[in-house]
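For reference, the chains in residue letters:
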Amino acid sequence: MKHNLLAVLMALAWSMPLAAAELNFELGADIQYFPNTADSTAANYSSNSNTYFRVEYDRDFADGRVKFMLDTKAQYNQRDDRRRRIDVSELALGYFADEIDISAGVLTEFWGVTEARHLVDIINQTNVAENIDEEEKLGQPMVKLRLHQEWGSVQFFWLPVFRERIYPDDNSRLGPGDNIRYKDALYESSHQDNHQDFALRYSHTFGEWDVGIAHFNGTSREPLLMLDVTQLPQISFIPYYELIDQTSIDVQMSSESLLLKLEAISRASDAQGRYAAAVAGFEYTRVGIFNSAMDLGYIAEYLYDERSEQASTPFADDIFAGLRLVANDVAQTTLLLGAYVDRDNHSTAWRFEMDTRLRDGVTLNIEGQVFSNPHTEDLLYGFRNDDYLKVGVQWFF
């Protein structure tokens, strides 16, 4: 039914005159190379390819006060059938006035300021199958109301439908390593994925300081993985989506060459009680290094989770350090090199990203990850043989 509705909306979009509309296409392809032998025979392949086609369409009505928004992507992956999908990031209608905006439909909402991890970004579900960096999100059905005044912006979110997390296929690289029975997911709420979730956020700029304060009440986007004892000795896990209350704050101070950043949360649930987590640090940029047009940024952040060894993240007591190079050239080249280092066992995850423009409408990106000496009790241990290099090209037209 969702795909039929999408087809109808796409047909309407094509039938409308483009004078007051914006229609963009993106075609992308990438190949991922794994130099090491995997533990699992089924996942022991050295390369994987992925292609996708994306359509973005916006159309204004009523002198720009009403807007139709569409952003959808069809994707095919060589190895992972959980990445062979059509998904909608945006399919919504919005009304924009001087002091109030309201949008309804499927939308993507981003919160966060830090580099290493976005603790406060809770509205949309994470697609872990797409990338382990937790940056890929699924579109969320919602009604979003925003009031904007001189004293700040207030946003209210009603989230009537929940979307489950997408994990890689069991036989995929960078997968969970054990069988996650996502089709048997459990919910704390008797309404399951129809529990009514709500969020409220206030944001404002105070001079050099950008501040956001938010509260979320509803189904956690991050499931607990419960061991299924009925399947022993086979190891399998069932995702359990608990109800949570989360209060968060994100702060960024911007000066001429220095950014100070903070994301912090306090979360409570019946299963885990109340705990706090935070990411805090800075980015200092040297402009015109070596008497050139290039800028070099130095990044350092600390990641903390009060749950310590019981945390569902490997970054409970870690330091992230990195360098960001902005070439300021015609190709708009940027490079990022960073490392997550566990302060307890010194497990290290290195990450490299590069983006550049080959010519008008064509971009190249390169991404790499290396897992250095992960400890056996570290959650990154399952990735110890999954170092990779990925090269992708995108065409925009």
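Relevant structure appears above.
All values reported here derive from a predicted model rather than from experimental measurement.

Here is what the cut-offs are and how they apply
- Residues numbered from 1 in each chain as written.
- Predicted model: local features only at pLDDT ≥ 70, side-chain atom pairs only at ≥ 80, totals over all residues.
- Heavy atoms only, no water.
- Helix = DSSP H or I, 4+ residues; strand = E, 2+ residues; numbered from the N terminus.
- Rg over C-alpha atoms; globule rule 2.2 N^0.38 Å.
- Contact = heavy atoms within 4.5 Å.
- Areas by Shrake-Rupley, 256 points an atom, 1.4 Å probe, with all protein chains shown as cover.
- Lys, Arg positive; Asp, Glu negative; His and termini not counted.
- Charge placed at Lys NZ, Arg CZ, Asp CG, Glu CD.
- Pairing = 2+ DSSP bridges.
- Salt bridge = Lys/Arg side-chain N within 4 Å of Asp/Glu carboxyl O.
- Buried < 20%, exposed > 50% of the residue type's maximum accessible area, 1.4 Å probe, protein only.
- Polar contact = N/O pair within 3.5 Å; in protein donor to acceptor, adjacent residues only side chain to side chain.
- Phe/Tyr/Trp six-rings, centres within 6.5 Å; stacked < 30°, edge-to-face > 60°.
- Lys NZ or Arg CZ within 6 Å of the ring centre and 35° of its normal.

It is worth spelling out the overall build of the protein chain at this point. Across its full length, the protein chain holds 1 helix and 22 strands. Relative to the compact-globule value of 21 Å for 397 residues, the protein chain shows a C-alpha radius of gyration of 22 Å, a close match. Across its three principal directions, the C-alpha atoms of the protein chain cover 65 × 60 × 45 Å. Excluding contacts between residues fewer than 6 apart, the proportion of contacts in the protein chain whose partners are at least 24 apart in sequence is 56%. Working note: accessible area of the protein chain is about 20,100 Å², and carbon and sulfur atoms make up 56% of it. Distance from the positive charge centre (34 side chains) to the negative charge centre (62 side chains) of the protein chain: 4 Å.

The next subject is the pairing of strand E1 (residues 21-33). As paired strands, E1 and strand E2 (residues 47-61) are joined by 13 bridges and run antiparallel to one another. The partner of Asn 24 across the bridge, within E2, is Glu 56. Looking at chain direction, E1 and strand E22 (residues 388-396) are connected through 8 bridges and run antiparallel. Looking across to E22, one finds that Ile 31 is bridged to Val 391.

Okay, the pattern of salt bridges next. The full count for this structure, using the stated rule, is 25 salt bridges. Note that Arg 65 is salt-bridged to Asp 98, the shortest N-O span being 3.9 Å. Of this pair, Arg 65 sits in the loop between E2 and strand E3 (66-77) while Asp 98 sits in the loop between strand E4 (85-96) and strand E5 (100-107), and the two are 33 residues apart along the sequence. A salt bridge links Arg 324 to Glu 115; its shortest N-O distance comes to 2.6 Å. Of the two residues, Arg 324 is situated in strand E18 (residues 317-326) and Glu 115 in the loop between E5 and strand E6 (140-149); the sequence distance between them amounts to 209 residues. When salt bridges with common partners are traced through the structure, they connect Glu 26, Arg 54, Glu 56 and Asp 71 into a single cluster.

Note on placement: Met 226 falls in strand E12 (residues 224-227). A relative accessible area of 40% means that Met 226 is categorised as partly exposed. Placed 46 residues apart in sequence, Met 226 and Ile 180 show a C-alpha to C-alpha distance of 9.3 Å. Not counting residues up to four positions away in its chain, the partners in contact with Met 226 are Ser 236, Phe 237, Ile 238 and Tyr 240.

Let us now look at the environment of Asn 50. Within the secondary structure, Asn 50 sits in strand E2. Looking at Asn 50, the relative accessible area reads 2%, which means it is buried. The spacing of Asn 50 and Arg 343 is 293 residues in sequence and 35 Å in space, taken between C-alpha atoms. Apart from the residues lying within four places of it in its own chain, the contact partners of Asn 50 are Gly 28, Ala 29, Asp 30, Gln 75, Tyr 76, Asn 77, Arg 83 and Glu 130. Separated by 3.2 Å, the side chains of Asn 50 and Gln 75 make a polar contact.

If you walk through the whole model with that rule in mind, you get 13 aromatic pairs. With 5.8 Å between their ring centres and 15° between their planes, Phe 25 and Phe 53 make a pair best called stacked. Of this pair, Phe 25 sits in strand E1 while Phe 53 sits in strand E2; the two residues are 28 residues apart in sequence, bridging distant segments of the chain. A centroid spacing of 6.2 Å and a plane angle of 55° characterise the contact between Phe 34 and Tyr 388, whose relative ring orientation is tilted. Placement of the pair is Phe 34 in the loop between E1 and E2 and Tyr 388 in strand E22, with a sequence separation of 354 residues. Taken as a pair, Phe 34 and Tyr 388 share a single burial class, namely buried. Aromatic rings pair up to connect Phe 25, Phe 53 and Phe 397 into one cluster. In this structure, Arg 82 is placed above the aromatic ring of Tyr 182, and the distance from its NZ or CZ to the ring centre is 3.6 Å.

On their own, these measurements won't tell you what the molecule is for.
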